[in-house]
Amino acid sequence: MLLSLFLQLAQPDLDHVLDDPRFKGAVIGACVLDQSGKELYSRNADLRLTPASNQKVVTAAFALKVFGPDYKPVTKFWKTKEGIVVDTAGDPLMSYADLLDIRKKLVAPKGTPVLIHHAYGPIYGPGWEWDDLPNRYAAPVSAFSVDQSSFELWTDNGKLFFQPANYGAKAYRVYGQDKLRIEYDPRTMVARVSGPLPPGRARVDTLALPRPDLAAGRLLGSKPKRISKIPATDPTYIRYSPPMSVILKEALPSSDNNITENLLLMASKVSDKDDKPYDVAEEKMGEFLTSEVGLEPEEFTIRDGSGLSRHNFISASALAKLLVWADEQPTRELWHSILARPGQEGTLKNRLEGVPFEGKTGTMEMVSALSGYLRLTDGKQVIVALLVNGQAASTAETRDLMDDFIKQLLEAGNGGTLSAESNKHEGPRPNPRLSFTPRDRLHRSRHDGRLASQRVDSGDEPIDAVLHRAQRVALRVR
């Protein structure tokens, strides 16, 4: 069986999946390559589409190339006469428990001022939509932060409280609703909760910290503020984060937006002297994709690291070529280990049961993506990138159809239906100017008191988190 040749006999089956009436009006980009990078199947493979959380694949490859698997982010602490000084270029895994432990190590008196010097943040990614901002998945990105810039709202037999700390937030019960509704304004850090609460002790929601740097600083002392210079002496204490191999495993399978945004800015070496850190990151990422991966500048547009922005674009062909490149690197084994797999924890836990696939999902309203590696029974693999934009089908229907595409590909590859002719299938070519739903109609929450049932998390969280969000109305920034 020659994987450098096209699945000619499989083409009708693959076309049949993508021609499903439920995809009518959608823009589809598909590319299948053999492990050497030769094309086996394509449909509109050169059309740039919104990748949603498949953007994280690009970010992870970039960060792994820049840092290597063993790099450990460093945060330095000084105990000085002026107070506790903090300096960091980024540490996306800093936790509440870590900061309390560091405070004990520094033995700082209560009320000690905290002076923070960090490379970037708190900032939002370009193009993030305002109605996402109360949520954990759209929390501000900051080099110095705590718990991925988030905290949790809990209930215990009807009493509301925050975990692991309230950071100055307040929660109020509002009566008169028959369904659970949460309105949280990150600017005031006030949450209003109406409708029935879960019985007993339960988490109600996870919310964004508007100033994660100051929240983290308050765990060390008091009156945190930013500074522009750090002491010339050796640090009193140095915190080493887990290595990049661990950070990437935390980021990709669960599709963590905050971690990947930090990785993009860290790998781009942004500093507090950069007025527009995301512009620096866009340039650095572009250099990586063109000089290292071999992509053309026209094949992609990079605006953030997680895929939350709808201003990201990449072609299925470019995404597949990136996967081929990553598979050829010395870090290949680690790279495969950080991808999601069917039946395991992560965004593929409830998909593609029994299919030897490892990759990355992506979901936003009217955007779905799936890319990765499909292992055949003879040990060879094919690389798949599938992007769907503007579909009217539900998220569940779209996922089922995309999974069917992978299953058809697996059946063909294992059945020996490979032949010597390559055959592109472009399908109905959309007008590039009309390829996307107008921006002001994309990804908008509903604020009329009804469930936002069509809204799916841009961060592509595990299905239980998505279902939890579907049971309440969208959060609103007033």
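Residues numbered from 1 in each chain as written. Predicted model: local features only at pLDDT ≥ 70, side-chain atom pairs only at ≥ 80, totals over all residues. Heavy atoms only, no water.

Q: What's the story with the pairing of strand 4 (residues 74–79) in this structure? I'm lost.
A: On a regular strand, one side chain projects to one face of the sheet and the next to the other, so that they alternate. When strand 4 meets strand 14 (residues 237–240), the two strands line up antiparallel, connected through four bridges. Bridge pairing links Lys76 to Ile238 in strand 14. Judged from the five bridges that link them, strand 4 and strand 5 (residues 84–88) form a sheet pairing that is antiparallel. The residue bridging Thr75 from the neighbouring strand is Thr88, located in strand 5. (Pairing = 2+ DSSP bridges. Helix = DSSP H or I, 4+ residues; strand = E, 2+ residues; numbered from the N terminus.)

Q: Whenever I open this one, the sheet that holds strand 17 (residues 357–364) confuses me. Can you help?
A: Backbone-to-backbone hydrogen bonds pair the strands of a sheet. The strands run either parallel or antiparallel. Sheet architecture is open: five strands sit in the order 2-1-19-18-17, paired in antiparallel fashion. The open sheet is flanked by strand 2 (39–43) and strand 17, the only strands paired with a single partner. Direction aside, neighbouring strands of the sheet carry axes that sit 5° apart on average. Packing against the sheet, helix 8 (residues 316–327) makes contact with strand 1 (27–34), strand 18 (367–375) and strand 19 (381–389), and its axis sits at approximately 150° to strand 19. Contacting strand 1, strand 2, strand 17, strand 18 and strand 19, helix 10 (residues 395–415) crosses the sheet at an angle of about 25° to strand 18. (Axes fitted to C-alpha atoms, helices over the stretch in contact; angles between N-to-C directions. Contact = heavy atoms within 4.5 Å.)

Q: I'm lost on the packing of helix 2 (residues 55–67) against helix 7 (residues 277–293) in this one. Help?
A: When two helices pack together, you describe them by how their axes are tilted relative to each other and by the distance separating the axes. Axis separation between helix 2 and helix 7 bottoms out at 11 Å; the angle between their running directions is 80°. On the basis of their axis angle, the class for helix 2 and helix 7 is roughly perpendicular. Here Val58, Thr59, Ala61, Phe62 and Lys65 of helix 2 come into contact with helix 7, specifically with Lys284, Met285, Phe288, Leu289 and Glu292. (Parallel < 35°, antiparallel > 145°, perpendicular 65-115°, else oblique.)

Q: Any chance you could explain helix 1 (residues 11–18) here in plain terms?
A: The set of residues buried in helix 1 consists of Gln11, Leu14, Asp15, Val17 and Leu18. One face of helix 1 carries all of its buried residues, which in axial projection span an arc of 155°. Along helix 1, the residues that are exposed and aim more than 90 degrees away from the buried face are Pro12 and His16. Buried residues along helix 1 sit against strand 1, strand 2, strand 19 and helix 10. (Buried < 20%, exposed > 50% of the residue type's maximum accessible area, 1.4 Å probe, protein only. Arc of directions from axis to C-beta.)

Q: Where do I start with the packing of helix 7 against helix 8 in this structure?
A: The interhelical angle for the contact between helix 7 and helix 8, taken along N-to-C directions, is 65°, at an axis separation of 11 Å. Handedness of the helix 7/helix 8 crossing: left-handed. Residues Phe288, Leu289, Glu292 and Val293 of helix 7 pack against Lys321, Leu322 and Trp325 of helix 8. Considered class by class, the residues forming the contact of helix 7 with helix 8 number five nonpolar, no polar and two charged. (Left-handed = near helix turned anticlockwise from the far one by under 90°. Nonpolar A, V, L, I, M, F, W, Y, C, P; charged D, E, K, R; others polar.)

Q: Would you take a moment to explain the pairing of strand 18 for this structure?
A: Of all nine residues making up strand 18, eight are buried, and the element is well covered by its neighbours. Of the strand pairs in this sheet, strand 17 and strand 18 are connected by eight bridges, and their pairing is antiparallel. Bridging from a neighbouring strand, Lys360 pairs with Ser371 of strand 18. Between strand 17 and strand 18, which follow one another and run antiparallel, lie two residues, and Met366 among them has a positive phi close to 65°.

Q: What is the right way to look at the sheet that holds strand 16 (residues 313–315) in this model?
A: Strand order across the open sheet formed by three strands is 3-16-15, with antiparallel pairing between neighbours. Unpaired on one side and paired on the other, strand 3 (48–49) and strand 15 (300–301) mark the two borders of the sheet.

Q: Sorry, what's going on with the confidence of the model for the protein here?
A: Should pLDDT be low for a region, the predicted coordinates there are not to be read in detail. With 85% of its residues at a pLDDT of 70 or more, the protein has an overall mean of 86. Note that pLDDT drops below 50 for residues 425–478; the model gives that stretch 149 contacts with residues more than four away or on any other chain. (pLDDT = per-residue confidence, 0-100.)

Q: Please clarify how the nonpolar core should be interpreted in this entry.
A: Generally speaking, a soluble globular protein has its nonpolar side chains buried in company with each other. Of all hydrophobic cores here, the largest spans 65 residues; its most connected members are Val58, Tyr120, Met285, Phe288, Leu289, Leu322 and Trp335. In terms of residue count, helix 8 provides more of this core than any other element does, nine residues in total. Aside from chain neighbours lying at most four places away, what touches Phe288 is Val58, Ala61, Phe62, Lys65, Val293, Leu322 and Trp325. Within the second largest apolar cluster, 33 residues are counted, among which are Met94, Phe144, Val193 and Val204. (Core = buried A, V, L, I, M, F, W, Y, C linked by side-chain atoms within 4.5 Å.)

Q: What is the right way to look at the side chain of Ser42 in this model?
A: Inspection of the secondary structure assignment puts Ser42 in strand 2. With a relative accessible area of 1%, Ser42 lands in the buried category. Engagement of the side chain of Ser42 in a polar contact is seen with the side chain of Glu39, the distance being 3.4 Å. (Polar contact = N/O pair within 3.5 Å; in protein donor to acceptor, adjacent residues only side chain to side chain.)

Q: It is not clear to me how the pattern of salt bridges should be interpreted in this structure. Could you clarify?
A: A pair can form between side chains of opposite charge whenever their charged atoms are brought close. Under the definition given, this model contains 19 salt bridges. Put simply, Arg239 and Asp98 hold a salt bridge, and the shortest N to O gap is 3.1 Å. Here Arg239 is found in strand 14, whereas its partner Asp98 is found in helix 3 (residues 96–106), with 141 residues between them in sequence. The buried category is assigned to Arg239, whose relative accessible area is 9%. (Salt bridge = Lys/Arg side-chain N within 4 Å of Asp/Glu carboxyl O.)

Q: Explain the environment of Leu410 to me, please; I cannot follow it from the model alone.
A: Residue position: Leu410 is located in helix 10. Through-space distance from the C-alpha of Leu410 to that of Val382 is 9.0 Å; in sequence the pair is 28 residues apart. Those residues in contact with Leu410, other than ones at most four positions away along the chain, are Val355, Pro356, Leu374, Arg375 and Leu376.

Q: Teacher, can you tell me more about the side chain of Ser95 here?
A: Relative to the assigned elements, Ser95 resides in the loop between strand 5 and helix 3. On the basis of relative accessibility, which here comes to 18%, the residue Ser95 falls in the buried class. Those residues in contact with Ser95 that sit more than four places away from it in its chain are Val146 and Asp147.

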